[in-house]
Amino acid sequence: MSIAELSYLFSQQFMVRAMIVGLLVSLCAALLGISLVLKRYSMIGDGLSHVGFGTLAIAAALNLAPLPVSMVLVVLAAFLLLRISGNSKIKGDAAIALISTSSLAIGSLVISLTTRSNADVCNFMFGSIVVMTDSDLYLSIALCAVVLMLFVLFYNKIFAVTFDETFAQATGTKTKLYNMLLAFLTAVTIVLGMRMMGALLISSLIIFPALTSMRVCKHFKAVTVCAAIVSVLCFTLGIVLSIWFNVLPGPSVVVVNIVAFLLFWGIHLLQGKGFFA
């Protein structure tokens, strides 16, 4: 594919929609991913993405708008996971595995019963850049704006709950409320990015940028800024490569994130040996 052909594709309306939503979701996922990784909640993202697969399948089978249906059900699942983890004999990782595998099974069963094509299954699993409609675009922009606004507004509280929840609670911070807020923002971000990245890969947008930036940055604010930049750049490059080589966008973005992680890990090792002293 030539540069001219690539430029023409990026001028098309479906690509403009995909890039706007993708960049916003990448930014939101990177910001939330830092707290999730540090609190060891990163698997919640993976579990919620599997719930999203089941809700997308059910919405498609019932001819309902997939984004609003998935949004409501995934947010409810996020609150349920937190409640089970905090108040049940079922441990957090077991609760996530229970809900995620059940959702995958239900989604697969619904798809098979409605005789949807392999292309539909592939889109649900690994994403597609052509699935975004104008209504999806406007809803995604509005919800991403809400996620970013709430993150900035409650940045100090999220910081406190992330690093020392016990101390934050002792100083009067409503830790349960902010954990619920974190779960809500994560659920919204996952649903918005799931149709493009796919249910199996959307959690990579949450995990990789945070882990990558932590290789070289030591302070929370520096990690936050670095993760946001890495996430946006990796998504953009991943989409370009997916079009250039005619491959699925989700796996392409993940591979670029893997390369970035290995590159930053290499820089971290060189720093440890004094090369950048």
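The preceding data block contains the structure.
Every chain is numbered independently, its residues counted from 1 as its sequence is written. The predicted nature of this model means local features are confined to residues of pLDDT at least 70 and side-chain atom pairs, given and counted, to a pLDDT of 80 or more, with totals for whole chains, interfaces and linings taken over all residues. Computation of side-chain values covers all heavy atoms of the structure but excludes hydrogens and water.

Caption draft 1: Spotlight on the overall build of the protein chain. For the purposes of this entry, the term helix denotes a DSSP run of H or I that reaches at least four residues, the term strand denotes a run of E that reaches at least two, and both are numbered from the N terminus. Summing up its helical and strand segments, the protein chain has 13 helices and 0 strands in all. In the protein chain, the order of α-helices and β-strands from amino to carboxyl end is α-α-α-α-α-α-α-α-α-α-α-α-α. Each principal axis of the C-alpha atoms in the protein chain carries an extent, and together these give about 55 × 50 × 30 Å. The 277 residues of the protein chain split such that 48% are buried. The contact criterion used throughout is that any non-hydrogen atoms of two residues lie within 4.5 Å. Partitioning the intrachain contacts of the protein chain with sequence separation of at least 6 by distance along the chain shows that 78% fall at a separation of at least 24. Residue burial considers only the protein chains on display, and all accessible areas are found by Shrake-Rupley using a 1.4 Å probe. Carbon and sulfur atoms form 70% of the exposed surface of the protein chain, whose accessible area is close to 13400 Å². Note that His is not counted, nor are the chain ends; the positive residues are Lys and Arg, and the negative ones are Asp and Glu. Lysine's charge is taken at NZ, arginine's at CZ, aspartate's at CG and glutamate's at CD. Within the protein chain, one finds 15 positive and 8 negative side-chain charges whose respective centroids are separated by 13 Å. Partly exposed describes any residue whose relative accessible area lies between the buried limit of under 20% and the exposed limit of over 50%, with all areas from a 1.4 Å probe on protein chains only and scaled to the type maximum.

Caption draft 2: Structural context of helix 3 (residues 42–61). To estimate how far a helix should extend, the number of its residues minus one is multiplied by 1.5 Å. Taking 1.5 Å per residue as the helical rise, helix 3 with its 20 residues ought to reach 28 Å, and the 30 Å between its terminal C-alpha atoms agrees with that figure. For helix 3, a buried count of 17 out of 20 residues is recorded, marking the element as mostly surrounded by other parts of the structure. Two residues or fewer after helix 3 comes Asn 63, characterised by a positive phi angle close to 55 degrees.

Caption draft 3: Just the nonpolar core, in detail. Leu 48 and Ile 239 are the most contacted members of the largest nonpolar core, which has 75 residues in total. For this core, the element with the highest residue contribution is helix 2 (residues 13–38), accounting for 13 residues. Residues contacting Leu 48, with those up to four places away along its chain left out, are Val 74, Ala 77, Ala 78, Leu 81, Thr 186, Ala 187 and Ile 190. Formed by 8 residues, the second largest nonpolar core is a distinct cluster that contains Phe 53, Leu 56, Met 125 and Ala 199. Residues belong to a common nonpolar core when they are buried Ala, Val, Leu, Ile, Met, Phe, Trp, Tyr or Cys residues joined through side-chain atoms within 4.5 Å.

Caption draft 4: Quick peek at the environment of Val 161. Position of Val 161 relative to the elements: it lies in helix 8 (residues 155–163). On the basis of relative accessible area, Val 161 is assigned to the buried category, the value being 3%. Between the C-alpha atoms of Val 161 and Asn 179, which are 18 residues apart in sequence, the distance is 7.7 Å. Residues contacting Val 161, with those up to four places away along its chain left out, are Lys 39, Ala 168, Thr 173, Thr 175, Tyr 178 and Asn 179.

Caption draft 5: Representation of the side chain of Ser 204 within the structure. Note that Ser 204 resides in helix 11 (residues 204–214). Ignoring any residue separated from it by four or fewer positions in sequence, one finds Ser 204 in contact with Met 197, Pro 209 and Val 254.

Caption draft 6: Summary view of the pattern of salt bridges. When a carboxyl oxygen of Asp or Glu lies within 4 Å of a side-chain nitrogen of Lys or Arg, that pair is called a salt bridge. In total, this model carries 1 salt bridge according to the counting rule given. Asp 134 is the partner of Arg 17 in a salt bridge, and the nearest nitrogen-oxygen pair spans 3.1 Å. Here Arg 17, found in helix 2, pairs with Asp 134, found in helix 7 (residues 134–153); they are 117 residues apart in sequence, far enough to count as distant. Overall, the relative accessible area of 13% leaves Arg 17 in the buried class.

Caption draft 7: Structural context of the packing of aromatic side chains. Aromatic rings from Phe, Tyr and Trp, with only the six-membered ring used for Trp, were paired whenever their centres fell within 6.5 Å, and each pair was classed as stacked if the ring planes differed by under 30 degrees, edge-to-face if by over 60, and tilted otherwise. A complete count under the given rule lists 6 aromatic pairs for this structure. Considering the side-chain rings of Tyr 155 and Phe 220, the 5.7 Å spacing of their centres and the 50 degrees angle between planes classify their relative orientation as tilted. Of this pair, Tyr 155 sits in helix 8 while Phe 220 is found in helix 12 (residues 220–244), placing the two residues 65 residues apart along the sequence.

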